[in-house]
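# Report on the structure
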Amino acid sequence: MQALALWLDKTLSRIFLALLIFISGLLIAVGFITNKFEANIYDYRRQELKRITEVARHSIEPVIIQYRTGELSRQAALHKVRDSVRTMTYSDIFGANYVFMSSYQGIMLVQPFEPSLEGSDQSQLKDAHGLPIISLLIDKARQGEGYVSYDYHPPGRVQPQQKVSYVIGIPELEAYVGTGMYVEDIQTSYQEFQLQLQGVFLLFFLLVMAAQYMLLQPMFSSYQLLIQAFDRLKNYSEEALMLSPLTYRKGSEAERLVTGFNTMLADMWAKNAAMLQAHEELTQSHEELTAGNEELIALYTELTAANELLQKSEDRYRLAMEGVNDVIYDWDLSTNKITLSGRWNDVLGLNATEGVDIQIFWEARIHPEDITVRTQAMAEHFAGETPFYAAEYRVMNQAGEYFWVLSRGKALFNLAGGVIRMAGSFTDISEHKRREAEIWRLAYRDSLTGLANRRLLTERLRSELVLAQNGQGCGAMLYLDLDNFKLVNDSCGHIQGDQLLIEVAGTLVKIVDEHHLVARLGGDEFVVLLTNVCQITEVSQYAAKLLKALAQEVNLGAHPFFLSVSIGIACYPLNGTEVDEILKNADTALYAAKSAGKNSYRFFAASMQETLIQKLKMERSLRIAVSKEEFLLYFQPIVHLATGRVSGFEALLRWNNPQRGLISPGEFIPLVEESGLIVPIGNWVMQTACTFARKLSDMAYAHIYVAVNVSVKQLACDDFVAMVKSALHEAAIPATMLELEITETILMNSECFNTNIAKLKELKDIGVRIALDDFGTGYSSLTYLKQLPIDVVKIDKAFVDDLTAGEKNVPLMGSIIALAHNLGLEVVAEGVETKEQCDLLRAWQCDSIQGYLISHPEPAAVALAKLQTDQFSGSLE
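What counts and how
- Residues numbered from 1 in each chain as written.
- Predicted model: local features only at pLDDT ≥ 70, side-chain atom pairs only at ≥ 80, totals over all residues.
- Heavy atoms only, no water.
- Helix = DSSP H or I, 4+ residues; strand = E, 2+ residues; numbered from the N terminus.
- Buried < 20%, exposed > 50% of the residue type's maximum accessible area, 1.4 Å probe, protein only.
- Areas by Shrake-Rupley, 256 points an atom, 1.4 Å probe, with all protein chains shown as cover.
- Pairing = 2+ DSSP bridges.
- Axes fitted to C-alpha atoms, helices over the stretch in contact; angles between N-to-C directions.
- Contact = heavy atoms within 4.5 Å.
- Parallel < 35°, antiparallel > 145°, perpendicular 65-115°, else oblique.
- Left-handed = near helix turned anticlockwise from the far one by under 90°.
- Nonpolar A, V, L, I, M, F, W, Y, C, P; charged D, E, K, R; others polar.
- Arc of directions from axis to C-beta.
- Disulfide = S-S within 2.5 Å.
- Core = buried A, V, L, I, M, F, W, Y, C linked by side-chain atoms within 4.5 Å.
- Phe/Tyr/Trp six-rings, centres within 6.5 Å; stacked < 30°, edge-to-face > 60°.
- Lys NZ or Arg CZ within 6 Å of the ring centre and 35° of its normal.
- Salt bridge = Lys/Arg side-chain N within 4 Å of Asp/Glu carboxyl O.

So, about the overall build of the protein. Secondary structure summary: the protein contains 29 helices and 29 strands in total. The buried share among the 877 residues of the protein stands at 41%. When the accessible surface of the protein is totalled, it reaches about 47500 Å², and 56% of it is carbon and sulfur.

Right, dumping it as structure tokens:
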């Protein structure tokens, strides 16, 4: 270590070491940069695959559009697309590459680098591990687009290498395009780059070191001479001090340095001799003066020493008392008197009246809830249980407001163990407490509603579960979700949605007892954690009370919203002993409540999990059904009673599942609504119904309209009006041949009633018929009815069924029809199944009927054939 320290003490060594550290740091930085480069170039390469594939897909979009519009046949479109893709080769830093194309059946359509493979069946192609490469690519393409990774033999290489491809499906042609890369190419390029960069920096280091040595060597040679001379000077030997200038070249820097050093030494010796002589003379005079003054100094020292000690003690005490930002106190327990520093008024804002006992004055201002805290802490210290006294409590100031103080102190005991004195301080910690409370609020409270957040709920639930496992408690989690809340945000904006969440939170806080917990998990999801509630009946009563309190009409600005919630309930420890398990089971029960029609609650049951799985499977099948075009439209005729002729058809959706056949609409329509698939499926229904209307027009039935049911989610879309106009334009039919059926319940529950009414008016202005479906099952408000831009009222089947059952709703039928006619509306009765029902409706002057009496829903071809042969009209005879 000593040798290393001596070496580092040399300037040249330090410079060399500094350069070494600099270059080492530079190499480390280069290594870090190249490592980052490796990761980034891999991500960059993956993104390039996606970008190139998307460019290829977009370049053939015009051909796809021509195919959709019927300008090209499928074979012609496929031929043009293949020609276009075949030219899509490219080169980058990793070499030449290409875009390939294959069919969903595994037929290679385009392979620019191996044209011989085009037209061959590659569906059985497997990678080095036996994975079906083409099947993986086809599955990903059917899903839309994405990456596929597999091990494959590159051309000219023996070992299989990992390859990543990106594909995009072309469902219209049942094909896909894509491109790929070998991961080893990226790694090889990165390693070559890393070696080259490290070599450059190593060469740079050697060049810098060589240049430094050549430039600095002459300077340090002269510097070494001076060091040697000073080393000899330390021995103080005149024979060793003088340096011989003859050793160095005359006129050189070294020779001038040695000569100057010798001259300096000669001058120093001469001056030193003179100074020694003068020092001896001054010393003799000083001794004579000092002898007479010593007695005076000794006396003065004795007189002032005591005074200085006293003054220092007083100054230290005063500075200690005034310098700190606290109130210092000294409590003499023998007299019960307290001495306080001058900071009493400034820090604590209290003015003690002269003559008032400070102890009594202070204790009277302590918050009642904190008196025990102070008393207990002081008693423990006086009993010797704690080395210091410390307590945090609230004190009232002169303004009558409480603030927090930290009181600390240490007691002095006598020989008998009794307390005779205590000194300490008071610190205002109000700001610290405020920050502490704010930090807790940010960590454990929801910023929008002020309710407990997920973290606080998790910690509280975890504690309750521990107690429950030890047999010390039980409870239930009520998982709440607002019904149709997404429509508020989509239609009215997030500001109105946030206001609704705040109102719901306020309602929950009012209903739920304080010893339970109300939390918001996020979005429109809330949780009520009931503790020490072990009876199912009590939990049910709580759930019913929540449903009732939250089932109300709320005005969001100018828009009414009919609020309701669904509740899933999981009891603990019955339904789980872990936090995640309780949350999952409550969420599953919530899903069951939603599926049961919303505005209800459900307790968790093990069977719900299987139901949920089946529902997820059906949703997945529905998404596949969209891409595979498994949906069909059936058409049910609407007959005018006065003429007996067909006046319209209602388009009804059917699902022809390859495994299950035709599936009932009641089984899949709610799931279509819930999953959001209603929008793309609804668009397809609109286009297909308009195509059917075109066939009617071509057969000289342009006076017959086609009715299409519209979901509120479709109506809420910004492009709904444009979508309907586009379907009419593509089918080249007049707007009068289309009727949109809207349920009154959907309209009344729509948070943006006025916005939806404006969309319907816009369509009605161009000639589209608007029908109010299922009339009588919802609010049936005359006020709302007058605001709707409707042409037709469709009476629900439930009213029609009552006609021949002697129900009390029978007299209402005539009133409903008369009311509609007074408002200038046409009336259609749904679900007519008997001749007796038909005769009653004709007597009440109902305009048209629809139901099994006329015909079941039929496929398009069958409905058109029956229309031509006039088979529908014969059912009324």
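Next comes the rest of the description.
Strand pairing in a sheet relies on backbone hydrogen bonds, with the paired strands running either antiparallel or parallel. Within the open sheet, the 5 strands sit side by side as 14-15-13-18-19. Their pairing is mixed. With partners counted over all chains shown, the strands left at the sheet margins are strand 14 (517-522) and strand 19 (601-603), one partner each. Sheet twist, expressed as the average angle between the axes of neighbouring strands with direction ignored, equals 20 degrees. Taken together, the 5 bridges between strand 14 and strand 15 (residues 525-531) define a ladder with antiparallel strand orientation. When the bridges of strand 15 are listed, G522 appears paired with E525. The strands touched by helix 17 (residues 579-595) are strand 13 (475-482), strand 14, strand 18 (565-572) and strand 19; relative to strand 18, the strand with the most contacts, the crossing angle is about 145 degrees.

This part takes up the packing of helix 22 (residues 720-731) against helix 24 (residues 753-765). Helix 24 packs onto helix 22 with a crossing angle of 20 degrees between their chain directions and a minimal axis gap of 10 Å. Compared by their axis directions, helix 22 and helix 24 come out roughly parallel. Here helix 22 and helix 24 pass one another in a crossing that is right-handed. In this structure, helix 22 uses F720, V721, V724 and K725 to contact helix 24, whose residues at the interface are K759, E762 and L763. Here the contact of helix 22 with helix 24 is built from residues that sort into 4 nonpolar, no polar and 3 charged.

Now for helix 5 (residues 133-142). For helix 5, the complete set of buried residues consists of I133, I134, L137, I138 and A141. The arc enclosing the buried residues of helix 5, seen along the axis, measures out at 130 degrees, which places them on a common side. Summarising the contacts, the buried residues of helix 5 are in contact with strand 3 (100-103), strand 5 (145-152), strand 6 (161-170) and strand 7 (175-182).

Below, the discussion takes up the pairing of strand 9 (residues 337-340). Across 4 bridges, strand 8 (residues 327-332) lies against strand 9 in antiparallel orientation. Note that in strand 9 the partner of D330 across the bridge is T339. Here strand 8 folds back onto strand 9 in antiparallel fashion, the turn holding 4 residues, of which N336 has a positive phi close to 60 degrees.

Bringing the packing of helix 12 (residues 430-444) against helix 13 (residues 454-469) into the picture now. Relative orientation and spacing of two packed helices are given, respectively, by the angle between their axes and the distance between those axes. The contact between helix 12 and helix 13 brings their axes to 6 Å, and the two run at 85 degrees. Comparing the axis directions of helix 12 and helix 13 gives the class roughly perpendicular. Where helix 12 approaches helix 13, its residues W440, A443 and Y444 are matched on the opposing element by R455, L456 and E459. Among the residues making up the contact of helix 12 with helix 13, the classes are represented as 4 nonpolar, no polar and 2 charged.

Pairing is antiparallel in the open sheet, where 5 strands are placed in the order 9-8-12-11-10. Each of the sheet's edge strands pairs with one partner strand only, and the pair in question is strand 9 and strand 10 (389-396). Recorded for the sheet is a direction-independent mean angle of 25 degrees between the axes of neighbouring strands. Direction of pairing for strand 8 relative to strand 12 (residues 419-428): antiparallel, over a ladder of 6 bridges. Directly across from I328, in strand 12, lies its bridge partner S425. Packed on one face of the sheet, helix 11 (residues 371-382) meets strand 8, strand 10, strand 11 (402-413) and strand 12 and runs near 155 degrees to strand 10.

Attention shifts here to the side chain of E464. Turning to its location among the elements, E464 is positioned in helix 13. The residues contacting E464, other than those within four sequence positions of it, are T531 and Y572.

For the rest of this paragraph, the subject is the state of the cysteines. Taken as a whole and assessed by the stated rule, the structure comprises 1 disulfide. Here C571 stays unpaired: no disulfide links it, and the sulfur of C474, its closest cysteine neighbor, is 8.6 Å away. For the unlinked cysteine C838, the closest cysteine sulfur is that of C846, found at 9.0 Å. For C838, a relative accessible area of 0% corresponds to the buried category.

Cis geometry marks the peptide bond from Y572 to P573; its omega dihedral reads 5 degrees. Even without being a glycine, N532 presents a positive backbone phi close to 55 degrees. As for its position among the elements, N532 is in the loop between strand 15 and helix 16 (536-550). Here N532 falls in the exposed class, since its relative accessible area comes to 57%.

Looking at the secondary structure, you find E858 in strand 29 (residues 858-859). As for E858 and Y634, which are separated by 224 residues in sequence, their C-alpha atoms are 4.9 Å apart. If near-sequence neighbours (up to four positions away) are discounted, E858 is found in contact with L633, Y634, F635, A863 and K866.

Let's shift gears to the nonpolar core. Among the nonpolar cores identified, the biggest contains 80 residues, and F649, L696 and L841 are the most heavily contacted of them. Broken down by element, this core gets its largest block of residues, 9 residues, from helix 20 (residues 678-698). Among the nonpolar cores identified, the runner-up in size contains 32 residues, and V504, V528, V554 and V565 belong to it.

The full count for this structure, using the stated rule, is 10 aromatic pairs. For the pair F631 and F668, a centre-to-centre distance of 6.2 Å together with 40 degrees between the ring planes defines the contact as tilted. One end of the pair, F631, is in strand 20 (residues 631-640); the other, F668, is in helix 19 (residues 665-675), with 37 residues separating them in the sequence. Members of the aromatic cluster, connected to one another through ring pairs, are F635, F649, F692 and F872. When the ring centre of Y444 is taken as origin, the NZ or CZ atom of R455, which lies over that ring, is 6.0 Å away.

The alternating pattern of strand 3 places F100 and S102 on one face and M101 and S103 on the opposite face, and all of these are buried. Relative to strand 7, strand 3 is paired through 4 bridges, and the arrangement is antiparallel. The residue bridging M101 from the neighbouring strand is V177, located in strand 7. Between strand 3 and strand 4 (residues 108-110), which pair antiparallel one after the other, the connecting turn spans 4 residues, and G106 there sits at a positive phi close to 95 degrees.

The subject of this paragraph is the pattern of salt bridges. Summed over the entire model, instances satisfying the criterion amount to 33 salt bridges. Two residues, R68 and E172, come together in a salt bridge whose shortest N-O distance is 2.5 Å. On the criterion of sequence distance, the pair formed by R68 in helix 3 (residues 61-68) and E172 in the loop between strand 6 and strand 7 is long-range, its members being 104 residues apart. Judged by its relative accessible area of 48%, R68 falls in the partly exposed class. In this structure, R421 and D330 form a salt bridge, with 2.9 Å as the shortest nitrogen-oxygen distance.

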